[in-house]
Amino acid sequence: MLSLPWSPHPQRTDKALLEISKFGIRILDRSDNQVIKAIAMSLIHSWSPEARSIVFVCTNGNMDLYSIELSTTQCEEILSCLQQIVSQVLSTRKEQALNETEVIDLLSSLNKQNGSSDMSQLEVLKSQVEGRYLTSEKAFLVASSFSDTFDKMEATLFLQSHLVDQNKFSKILETFESEEERQNIW
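Please read these numbers as outputs of a predicted model, since none were measured by experiment. (Residues numbered from 1 in each chain as written. Predicted model: local features only at pLDDT ≥ 70, side-chain atom pairs only at ≥ 80, totals over all residues. Heavy atoms only, no water.)

1. Here we look at the overall build of the protein chain
Here is step 1 of the chain: Helix and strand counts for the protein chain stand at seven helices and seven strands.
Here is step 2 of the chain: Counting from the amino terminus, the protein chain carries its helices and strands in the arrangement β-β-β-β-β-β-β-α-α-α-α-α-α-α.
Here is step 3 of the chain: Here the protein chain, with 186 residues, has 39% of them falling under the buried criterion.
Here is step 4 of the chain: When the accessible surface of the protein chain is summed, it comes to about 10900 Å², and 48% of that surface belongs to carbon and sulfur atoms. (Helix = DSSP H or I, 4+ residues; strand = E, 2+ residues; numbered from the N terminus. Buried < 20%, exposed > 50% of the residue type's maximum accessible area, 1.4 Å probe, protein only. Areas by Shrake-Rupley, 256 points an atom, 1.4 Å probe, with all protein chains shown as cover.)

Encoded structure:
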């Protein structure tokens with residue numbers, strides 16, 4: 001975890017700390033460590049360093065994007081910390097990823113459930129993938145096995161948080177036939 005002083009534009013202050021961990025970022029009041037702003041890592045879309053600031057692009061619950069620009073002289077330290085966190089998360093997800101045999105078994109189970117009344121395809125997916133991860137290519141195959149568009153949308157949303165390579169989420173969206181269906185996911 002990294003804690004650094006920061007100051008947002010246009011206000012200049014050293015009365016806040018930026019705390020970065022695998023869970024997200026928190027902006028704390030330096031005088032009493034009270035949280036001013038907290039953003040979960042899953043809601044941080046991207047970040048962009050400048051010479052004396054860093055911009056975090058985030059999303060809210062409605063998938064609207066907003067940005068937070070932090071002025072700092074410690075951009076290199078922040079970027080280094082973020083890179084370490086991303087590397088750790090990727091390493092963990094790769095270790096917990098379904099292997100080829102497990103993906104084949106999952107696809108087989110999903111195909112058996114297609115039209116079955118015992119368990120829905122979505123229930124099968126959740127029961128076999130919960131706590132595990134897939135690459136975007138394997139998630140594409142899984143999402144493609146859903147025939148019902150609404151179930152496929154639900155499966156896609158579930159799979160998004162179970163991707164090893166979240167930056168390739170758009171690969172899963174290719175399973176939808178229309179742009180309107182893809183937009184409904186975003």
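So, next bit.
2. Points about helix 5 (residues 149–160)
A turn of α-helix holds 3.6 residues, and therefore any two residues three or four places apart point the same way.
Here is step 1 of the chain: The terminal C-alpha atoms of helix 5 lie 16 Å apart, and with 12 residues this matches the ideal 16 Å at 1.5 Å per residue to within 8%.
Here is step 2 of the chain: Looking only at helix 5, the buried set comprises Lys152, Met153, Ala155, Thr156, Phe158 and Leu159.
Here is step 3 of the chain: Buried-residue contacts for helix 5 involve helix 3 (121–129), helix 4 (136–144), helix 6 (170–173) and helix 7 (179–185).
Here is step 4 of the chain: Backbone nitrogen of Phe150 and a side-chain oxygen of the N-cap are separated by 3.1 Å at the start of helix 5; the cap is Asp148. (Expected span 1.5 Å × (residues − 1). Contact = heavy atoms within 4.5 Å. Polar contact = N/O pair within 3.5 Å; in protein donor to acceptor, adjacent residues only side chain to side chain.)

3. A closer look at the packing of helix 2 (residues 100–113) against helix 3
Here is step 1 of the chain: With their axes 9 Å apart at the nearest point, helix 2 and helix 3 run at an angle of 160° to one another. Here helix 3 runs roughly antiparallel to helix 2, going by the angle between their axes. The hand of the helix 2/helix 3 crossing is right-handed. Across from Asp105, Leu106, Ser109, Leu110 and Gln113 in helix 2, the residues of helix 3 making contact are Gln121, Val124, Leu125, Gln128 and Val129.
Here is step 2 of the chain: In terms of residue class, the contact of helix 2 with helix 3 is built from five nonpolar, four polar and one charged. (Axes fitted to C-alpha atoms, helices over the stretch in contact; angles between N-to-C directions. Parallel < 35°, antiparallel > 145°, perpendicular 65-115°, else oblique. Left-handed = near helix turned anticlockwise from the far one by under 90°. Nonpolar A, V, L, I, M, F, W, Y, C, P; charged D, E, K, R; others polar.)

4. Considering the packing of aromatic side chains
Here is step 1 of the chain: For the structure shown, the criterion picks out zero aromatic pairs.
Here is step 2 of the chain: The side chain of Lys152 reaches across the aromatic face of Phe176, ending 5.5 Å from its centre.
Here is step 3 of the chain: Taking the ring centre of Phe140 as reference, the NZ or CZ of Lys171 above it sits at 4.6 Å. (Phe/Tyr/Trp six-rings, centres within 6.5 Å; stacked < 30°, edge-to-face > 60°. Lys NZ or Arg CZ within 6 Å of the ring centre and 35° of its normal.)

Such coordinate-based values are descriptive only and should not be taken to indicate function.
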